[in-house]
Amino acid sequence: TWGKSKYQDSKINKVKGFVEMLMIIGKNDEPLFEYPLPILIKNKELSSNSYFILHSSLDVLEVAAYVSQNLYLKQIEKFNEYAVYGYLTPGGFKFLLLTESSYRNDDVIKGFFSDVHEVWVKAIMNPLYDLKSMLKSNAFNYKVGELSLIHI
């Protein structure tokens, strides 16, 4: 419903490493969107550790946001073989991306977060969407999936 994607003719970046999940957290630390990236998952199955790592990173993200004036907070935490990247929107929404620790490409991740932020703003501008509930939109899921293929 958002028209033809500006990324349809773009080359897909192929970067070594695996990305497990994107999570968007609300202002009061409630999960609003979870997107496992199954095409890129090494084991084809998300473990419960993925959720634990992302939720435990919220405090670290808030400290990093307090110290930095940037929206993109880079790698905010490392847990065993995983790394968590953070992004904080001006509206107070938190984006977390869980990757393998070996995945280190800040420019690609920053671009991904920036584009997801743009799509997120379009999605939450829907007057029927409650900002305190999970976003369940096939169009948004599709766009995030498309962006993950392009950037990651």
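Model, not experiment: these values are computed from the prediction.

## Topic: the sheet that holds strand β1 (residues 19–25)
Item 1. As summarised here, the arrangement of the five strands in space is β2-β1-β5-β4-β3, forming an open sheet in which the pairing is antiparallel. Whereas interior strands pair on both sides, the edge strands pair on one side only; in this sheet they are β2 (31–36) and β3 (72–79). Sheet twist, expressed as the average angle between the axes of neighbouring strands with direction ignored, equals 20°.
Item 2. In terms of strand pairing, β1 meets strand β5 (residues 94–100) through six bridges, oriented antiparallel. Each bridged residue has a counterpart across the sheet, and for L22 the counterpart in β5 is L97.
Item 3. Against the sheet, helix α1 (residues 48–56) touches β1, β2, β3, β4 (82–88) and β5, its axis set at about 45° to β1.

## Some words on the nonpolar core
Item 1. Counting 30 residues, the largest nonpolar core has L22, F95, L97, F113, W120 and F140 as its most contacted members.
Item 2. For this core, the elements supplying multiple residues, two or more each, are β1, β2, β4, β5, α3 (106–124) and α4 (138–151).
Item 3. Considering each element in turn, this core owes the most residues, nine residues, to α3.
Item 4. M23, A65, L96 and L98 belong to the second largest nonpolar core, which has 14 residues in total.

## Quick word on the pairing of β2
Item 1. Bridging between β1 and β2 involves five bridges; their strand directions are antiparallel. Along β2, the bridge assignment pairs I24 with F33.
Item 2. The turn joining β1 and β2, which pair antiparallel and follow one another in sequence, is formed by five residues; a positive phi near 65° is taken by D29.

## Topic: the pairing of β5
Item 1. With seven of its seven residues buried, β5 lies for the most part within the structure.
Item 2. With seven bridges connecting them, β4 and β5 associate as antiparallel partners. Counterpart to Y87 in the pairing with β5 is F95.

## Considerations on the packing of α3 against α4
Item 1. Remark: α3 packs on α4, axes separated minimally by 10 Å, with the N-to-C direction vectors making an angle of 165°. On the basis of their axis angle, the class for α3 and α4 is roughly antiparallel. Along this stretch, α3 crosses α4, giving a crossing that reads as right-handed. Residue-level contacts link V108, G111, F112, D115, V116, V119, W120 and A123 of α3 to F140, K143, V144, L147, S148 and H151 of α4.
Item 2. Class assignment of the residues belonging to the contact of α3 with α4 gives a composition of nine nonpolar, three polar and two charged.

## Some thoughts on the confidence of the model for the protein chain
A low pLDDT score tells you not to read the predicted coordinates there in detail.
Item 1. Of all residues in the protein chain, 82% have pLDDT values of 70 or greater, and the mean over the chain is 80.
Item 2. Put simply, α1 is where the protein chain has its lowest mean pLDDT, 83, and α3 is where it has its highest, 93.
Item 3. Residue range residues 1–17 is modelled with pLDDT below 50. Its contacts to residues more than four positions away, or to other chains, number 27 contacts.

## With respect to a nonpolar patch on the surface
Item 1. Together, V63, Y66 and V67 give the surface a local cluster of nonpolar side chains, amounting to about 410 Å² of exposed area.
Item 2. Structurally, the position occupied by V67 is in helix α2 (residues 58–67).

## Structural notes on the packing of α1 against α2
Item 1. Contact geometry of α1 with α2 gives a least axis separation of 4 Å together with a crossing angle of 30°. Of α2, the residues touching α1 (which contributes L54, H55 and S56) are L58, D59 and V60.
Item 2. The residue inventory of the contact of α1 with α2, partitioned by class, reads three nonpolar, two polar and one charged.

Cut-offs applied
Residues numbered from 1 in each chain as written. Predicted model: local features only at pLDDT ≥ 70, side-chain atom pairs only at ≥ 80, totals over all residues. Heavy atoms only, no water. Pairing = 2+ DSSP bridges. Helix = DSSP H or I, 4+ residues; strand = E, 2+ residues; numbered from the N terminus. Axes fitted to C-alpha atoms, helices over the stretch in contact; angles between N-to-C directions. Contact = heavy atoms within 4.5 Å. Core = buried A, V, L, I, M, F, W, Y, C linked by side-chain atoms within 4.5 Å. Buried < 20%, exposed > 50% of the residue type's maximum accessible area, 1.4 Å probe, protein only. Parallel < 35°, antiparallel > 145°, perpendicular 65-115°, else oblique. Left-handed = near helix turned anticlockwise from the far one by under 90°. Nonpolar A, V, L, I, M, F, W, Y, C, P; charged D, E, K, R; others polar. pLDDT = per-residue confidence, 0-100. Patch = residues over 30% accessible without salt bridge, like charges linked within 9 Å, V, L, I, M, F, W, Y side chains within 5 Å. Areas by Shrake-Rupley, 256 points an atom, 1.4 Å probe, with all protein chains shown as cover. Salt bridge = Lys/Arg side-chain N within 4 Å of Asp/Glu carboxyl O.

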